[in-house]
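Here's the letter readout for the chains.
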Amino acid sequence: MTNLVAGATGTVGRQVVAELLRRGHAVRALTRDAARADFPDGVEVVEGDLTDPDTLVDALKGVTGLHLITFGGEYLVPLDTGPRIVELARAAGVRRVTVLNGGGETPLENAVRASDLTWTVVMPVEFMANALGWADGVRARDEVREPFVDRLSAMVHEGDIGAVAAVALTEDGHGGRTYLLSGPEVLTVRDKVDALAAARGRAIGLVELSEAEALADWRAAGHSDEVVDFLLEVYRDTPEVGRTVNPTVEQVTGRPARTFAEWARDHADAFRA
């Protein structure tokens, strides 16, 4: 039973690969550039591109579980190749498919949901890994600069996202489900900065930006108007789903969701000069 993981070099894809490997399953990692991929021993690396489904024919041979993402290509645009990917998966004998929800309705996810494959949609809230965006500032200036520092997030460990996907790919009982995933606690930006400081053993200052300062920083970083508007909306008033703890990780995997303090300890070196 081989599992093909698309987006295998991404934040979640690597965790799906690692969890499948840890559970003793055969793993095939899909990437557009195998020469640049770096995976543990035991992982078969194959080339293919979700924007060009016919490149997946060989990669799908012998595959029973398929993990998909909904964006692809150099610019990560929503994929419209879902129907062809589903067709190829069915022809290859794929039994189970997981889809990492990309934050809204997408053509690929819709195609999978409409198919007769046994599918599971994995829908995480904010990734703990997003905190790595602070690493440069912490290493250089011992500070985090953010607006709306009291905003709330039930952020989820990317390893838990990978674990839920791995279970759905390899065990019965998860077909037709949409799994909303959160972490075990609701945190403010202040809480997260405190956890990072404790993990690295050195204080971190928190500078609260005004809305105007945040907009200027985001635009200077090259974010599009669409992204800036999205950030402003979710930071100013985080949707209830993003600040509500749910038990799904534990229900699916049989163990509690990991805390941000655990994540911070595992990534402390990224915040040390």
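So, here's what we can say about the structure. From a predicted model like this one, the values you see are computed outputs, not experimental measurements.

Description of the overall build of the chain
Then, in step 1: Within the chain one finds 10 helices and 11 strands.
Then, in step 2: Rg of the C-alpha trace for the chain: 19 Å, near the compact-globule value of 19 Å for 273 residues, within the 12% margin.
Then, in step 3: Overall, the C-alpha framework of the chain stretches about 55 × 35 × 35 Å when taken along its three principal axes.
Then, in step 4: Intrachain contacts of the chain at a sequence separation of at least 6 include 72% that bridge at least 24 residues.

Description of the pairing of strand S4 (residues 63–69)
Then, in step 1: Buried residues dominate S4, accounting for six of its seven residues.
Then, in step 2: In this sheet, strand S7 (residues 96–100) lies alongside S4 in parallel orientation, the contact comprising five bridges. Within S7, the residue paired with leucine 66 across the bridge is valine 97.

Things to note about the sheet that holds strand S10 (residues 177–181)
Within a sheet, each strand pairs with its neighbour through backbone hydrogen bonds, oriented either parallel or antiparallel.
Then, in step 1: The strand order S3-S2-S1-S4-S7-S8-S10 describes an open sheet built from seven strands, whose pairing is parallel. The sheet is open, and its two edges are formed by strand S3 (43–47) and S10, each paired on a single side. Each strand axis lies, on average, 20° off the axis of its neighbour in the sheet, ignoring direction.
Then, in step 2: Here five bridges tie strand S2 (residues 26–31) to S3, and the two strands are oriented parallel to one another. Bridged to threonine 31 within S3 is glutamate 47.

A look at the environment of histidine 223
Then, in step 1: When you line up the elements, histidine 223 lands in the loop between helix H7 (211–220) and helix H8 (225–236).
Then, in step 2: Assessed through its relative accessible area of 36%, histidine 223 is described here as partly exposed.

Brief notes about helix H2 (residues 82–92)
Then, in step 1: Within the sequence span of H2, burial applies to Gly82, Ile85, Val86, Leu88 and Ala89. Down the axis, H2 shows its buried residues gathered within 165° of arc, on one side only. H2 presents Pro83 and Ala91 as exposed residues on the side facing more than 90 degrees away from its buried surface.
Then, in step 2: On its buried face, H2 sits against S4 and helix H3 (107–113).

Description of unusual backbone geometry
Then, in step 1: Residues other than glycine seldom take positive phi values, yet aspartate 142 does so here, at roughly 55°.
Then, in step 2: Structurally, aspartate 142 can be placed in the loop between helix H4 (135–141) and strand S9 (143–147).
Then, in step 3: The class for aspartate 142 is partly exposed, based on a relative accessible area of 23%.
Then, in step 4: The phi angle at phenylalanine 148 is positive, at roughly 50°, despite the residue not being glycine.
Then, in step 5: Structurally, phenylalanine 148 is set in the loop between S9 and helix H5 (158–170).

Re the side chain of histidine 157
Then, in step 1: Here histidine 157 is to be found in the loop between S9 and H5.
Then, in step 2: With residues up to four places along the chain from it excluded, the contact list for histidine 157 reads Met128, Arg258, Trp263 and Asp266.

Some thoughts on a nonpolar patch on the surface
Then, in step 1: A cluster of nonpolar side chains, contributed by Leu152, Val186 and Val245, occupies part of the molecular surface with about 190 Å² of accessible area.
Then, in step 2: Summarising the element assignment, leucine 152 is placed in the loop between S9 and H5.
Then, in step 3: Assessed through its relative accessible area of 34%, leucine 152 is described here as partly exposed.

Here's the deal with H7
Then, in step 1: When H7 is considered as a whole, its buried residues turn out to be Ala214, Leu215 and Trp218. Looking down the long axis of H7, one finds its buried residues gathered within 100° of arc, a one-sided arrangement. Within H7, the exposed residues directed more than 90 degrees away from the buried face are Ala212 and Ala220.
Then, in step 2: Packing partners of the buried residues in H7 comprise S9, strand S11 (205–209) and H8.
Then, in step 3: Phi for glycine 222, located one or two positions after H7, is positive at around 90°.

Description of the packing of helix H1 (residues 11–22) against H5
Then, in step 1: Where H1 contacts H5, the two axes come as close as 7 Å, and the packing angle between them is 55°. Between H1 and H5, the crossing angle belongs to the class labelled oblique. With respect to the hand of their crossing, H1 and H5 are arranged in right-handed fashion. Listed contacts from H5 to Thr11, Val12, Gln15, Val16, Glu19 and Leu20 of H1 are Glu158, Gly159, Ile161, Gly162, Ala163, Ala165, Ala166, Leu169 and Thr170.

Comments concerning a negative patch on the surface
Then, in step 1: Taken together, the side chains of Asp225, Glu226, Asp229, Glu233 and Asp237 define an acidic patch exposed on the protein surface.
Then, in step 2: With respect to the element layout, glutamate 226 can be found in helix H8.
Then, in step 3: On the basis of relative accessibility, which here comes to 66%, the residue glutamate 226 falls in the exposed class.

So, how was this worked out
- Residues numbered from 1 in each chain as written.
- Predicted model: local features only at pLDDT ≥ 70, side-chain atom pairs only at ≥ 80, totals over all residues.
- Heavy atoms only, no water.
- Helix = DSSP H or I, 4+ residues; strand = E, 2+ residues; numbered from the N terminus.
- Rg over C-alpha atoms; globule rule 2.2 N^0.38 Å.
- Contact = heavy atoms within 4.5 Å.
- Buried < 20%, exposed > 50% of the residue type's maximum accessible area, 1.4 Å probe, protein only.
- Pairing = 2+ DSSP bridges.
- Axes fitted to C-alpha atoms, helices over the stretch in contact; angles between N-to-C directions.
- Arc of directions from axis to C-beta.
- Patch = residues over 30% accessible without salt bridge, like charges linked within 9 Å, V, L, I, M, F, W, Y side chains within 5 Å.
- Areas by Shrake-Rupley, 256 points an atom, 1.4 Å probe, with all protein chains shown as cover.
- Salt bridge = Lys/Arg side-chain N within 4 Å of Asp/Glu carboxyl O.
- Parallel < 35°, antiparallel > 145°, perpendicular 65-115°, else oblique.
- Left-handed = near helix turned anticlockwise from the far one by under 90°.
- Lys, Arg positive; Asp, Glu negative; His and termini not counted.
- Charge placed at Lys NZ, Arg CZ, Asp CG, Glu CD.

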